[in-house]
Amino acid sequence: MQNQETEEEHLDVLTKSGLKTGISKPRGEVHRDGDYHGAVHVWIYAESTQQLLLQRRASCKDSWADLWDISSAGHISAGDSSLVTARRELEEELGLALPKDAFELIFVFLQECVINDGKYINNEYSDVYLVTTIHPIPLEAFTLQETEVSAVKYISYEEYKRLLAKEDSDYVPYDVDGQYGQLFDILEKRYKENTVARSFTLQKQLSRYAPISLNAELTGLTDSDKEALAFIVKAAAVMDEIFYLQSWYSNPALRDWLKEHAGTSELNRLKWSYYQINGSPWSSLDEDEAFLTTADSAIRLLSKATREVKDWKGLEYRAAFPILKPPGANFYPPDMDKREFEIWKDSLEIDKQKEATDFFSVIKRLSEFSLDSHQSDNKAGSTHDLYIVPYSLEYKSLLAKAADLLHKAGDITSSQSLKRLLHSKADAFLSNDYYDSDIAWMELDSKLDVTIGPYETYEDKLFGYKATFEAYIGIRDEEATAQLKLFGDSLQLLEQNLPMDSAYKSKDVNAAPIRVIQLIYNAGDVKGPQTLAFNLPNDDRIVKDRGTSMVMLKNVSEAKFVRILLPIAAACVATEQQDLVDFESFFTHTICHECCHGIGPHTITLPNGRKSTVRLELQEFYSALEEAKADIVGLWALRFLISQDLLSESLLKSMYVSFLAGCFRSVRFGLEEAHGKGQALQFNWLYEKGAFVLDSEGAISVDFSKIEDAVESLSREILTIQAKGDKEAAGLLLQKYSMITEPLQVALKKLEDVQVPVDVAPAFPIAEEILQ
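Residues numbered from 1 in each chain as written. Predicted model: local features only at pLDDT ≥ 70, side-chain atom pairs only at ≥ 80, totals over all residues. Heavy atoms only, no water.

Participant: Sorry if this is basic, but what is going on with unusual backbone geometry here?
Facilitator: With an omega of -5°, the peptide bond running from Leu 536 to Pro 537 counts as cis. For Pro 537, the position within the fold is in the loop between strand E20 (533-536) and helix H19 (540-546). A positive phi angle, near 55°, is found at Asp 117, a position not held by glycine. Assignment of secondary structure puts Asp 117 in the loop between strand E7 (104-115) and strand E8 (120-133). Phi angles above zero are rare outside glycine, and Asp 311 is one such case at about 65°. Within the secondary structure, Asp 311 sits in the loop between strand E13 (299-302) and strand E14 (315-318). Owing to a relative accessible area of 76%, Asp 311 belongs among the exposed residues under this scheme. (Helix = DSSP H or I, 4+ residues; strand = E, 2+ residues; numbered from the N terminus. Buried < 20%, exposed > 50% of the residue type's maximum accessible area, 1.4 Å probe, protein only.)

Here is the structure:
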């Protein structure tokens, strides 16, 4: 009896909400006791005939014997994962060996039912996958597992839906009006779309971006630097290749397919144009909602996925991507959750824990590796299925190509600091150690300004650990850079005078060196709205020892000012104040915003004496409040510097009105996004205090007699919440003020009516000529 029990398949017991409990039980006991557990459903759909493949369950099955059911399905055994189970079940039951990019997770289905006179309780969470083939697979190509499957057939999805709706006794029942109806809704929407309506929607999404051309004078570069530039641009283009892969594993195939077919119809042209802006099938301005489906994706041919059939070239399928953007992007297995990662991480040695959570590694599955390499699923020596792969290995061929190009550029350039940066960054690509190259980047003093490598972690929405590759290449604007020295030199003075209790003020503020560039190319993780500035590196060791450096993109700021801010001001700002919106004020406040991230509370002492950081204490409220702080304290700081005769009095009124116009620009990014949420908080606070006034025409103006006090009071409120690490107060402040109030609604409606772009989509003539 004992031996028989150990041979029985064990299942992980889940909570009623579908989370792992850490307990596993034999399958028979799970169904006897009605425990919640996991399973997979795999549907095979043929595009050309709009048919689903069904299997007839074997007569020996303990549930739904002899009835027609899903193409393939099975329990997720204890310790196993969803996607690996789906692939394995398909191969075992139907003899179909498919790679992971054939599987699209379309929804999760909870089935709660009791059959077999109450002896079989099924409380099952099923991950439902769709495999999209171009044509039906010949029935003789399948190898059926006799103990599970007695036959297979294709049936039109509409006919199958009708049979389920009338509860035909030959078919396993599913409620087509309930959760399972999603399968049919997805197919209906995907394959019976209105092309004209879809083209109109894409055109509307595209029109939110104003196309701009970014150029810069190369006359200040030496001949050797111009020669080096060609190699640097080509290395930057490799960052695109890596980023596409980091977004999702079938993303490079999707990109190549869309590009290849862009000229075949107006709809395909629009798909490609919008894809180029987002760098993936998910729309940045629409909270990552998919604007493409797997039906738009690449067709791939597998000649040996099944048993051979005479005169059949093999199985053609669509390279799939999920409807919902995966929070872990392609840094983790798509079916890994936070709990699995934490359990595995805690089992590692301290140095390995650090490697698992650092910027420059991906996490993979041993079982997936075994399936892909057709080895036995051997987890010998490991009790866990996850393992670490450094970027230098994961992207080896692409990084080797980029490193070779950077070394060539480093050999040519006449600038010693650029030479050091290029060679050290090339070495880092191959060693996975970026410390020296980040120091070299901070010390860069060259007319040709280069930022390249893995930096930002926004794409990893699961933990925020993993860095995406990006590149920014520009020409240093010496005059603007020299002007900015004032801000760096004034940070300690600003800190001492911040509107908050002196006990919270820092005696030691590090000024971030600021460089202003004219951007000539960007690549990699530069999707959606374009950045105006960035503050790097993110490596805590360097930030602690050396601080950070800031790069401002002046020509991007100018383009946004002309194409977006001026039209916003014309639509929303009171006529008599519109002339006060000027570029100098806009750009100066952008600089001040970035500098003000460096002042105010960071490391804090809590009321109980414990040391902590603002980020750790405020958690999910941190980003929005920090963006609001940098903005509003930036406005306070400009007023303070004017009062000290360090900035011109001529800025005084224009900076407030330019800030008002900027409020509407940022709120349009949406209240899901930190900048948008922080901006709504500021606008509504200043409006409540009477500093912003709505007139009868729906236009808004600044009341100069009230604005200074209102800016100071909000600065004090935010700085004090941060200094105390008061998460509750942060939540309440955002809850009260981060909303679309009536004056904001009026403004946003006006901007929609006159169709002011939300952001810019740059083209880079200099780089394009090099890359041709």
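Participant: It is not clear to me how the confidence of the model for the protein chain should be interpreted in this structure. Could you clarify?
Facilitator: Detailed conclusions should not be drawn from predicted coordinates in areas where pLDDT is low. Summary statistics for the protein chain give a mean pLDDT of 92 and a share of 98% for residues scoring 70 or more. Per-residue pLDDT stays below 50 along residues 1-6; that stretch engages in 3 contacts with residues further than four places along the chain or on separate chains. (pLDDT = per-residue confidence, 0-100. Contact = heavy atoms within 4.5 Å.)

Participant: Any chance you could explain the pairing of strand E19 (residues 514-524) here in plain terms?
Facilitator: Every regular strand shows the same layout, with side chains that alternate between the two sheet faces. For E19, the tally of buried residues reaches 11 of 11 residues, placing the bulk of the element in the interior. Of the strand pairs in this sheet, strand E18 (residues 469-476) and E19 are connected by 7 bridges, and their pairing is antiparallel. Looking at the pairing, Ala 471 lines up with Ala 523 of E19. As judged from the 4 bridges shared by E19 and strand E21 (residues 549-553), these two strands associate in the parallel manner. Bridging across to E21, Ile 514 finds its partner in Met 550. (Pairing = 2+ DSSP bridges.)

Participant: I tried to follow helix H20 (residues 554-572) on my own but got confused; where do I start?
Facilitator: Spacing of three or four residues puts side chains on the same side of an α-helix, whose turn is 3.6 residues. If you check H20, its first and last C-alpha atoms are 25 Å apart, about what 19 residues at 1.5 Å a residue would give, namely 27 Å. A maximum bend of about 40° is found in H20 at Phe 561. (Expected span 1.5 Å × (residues − 1). Bend = angle between axes of the 7 residues up to and from the residue.)

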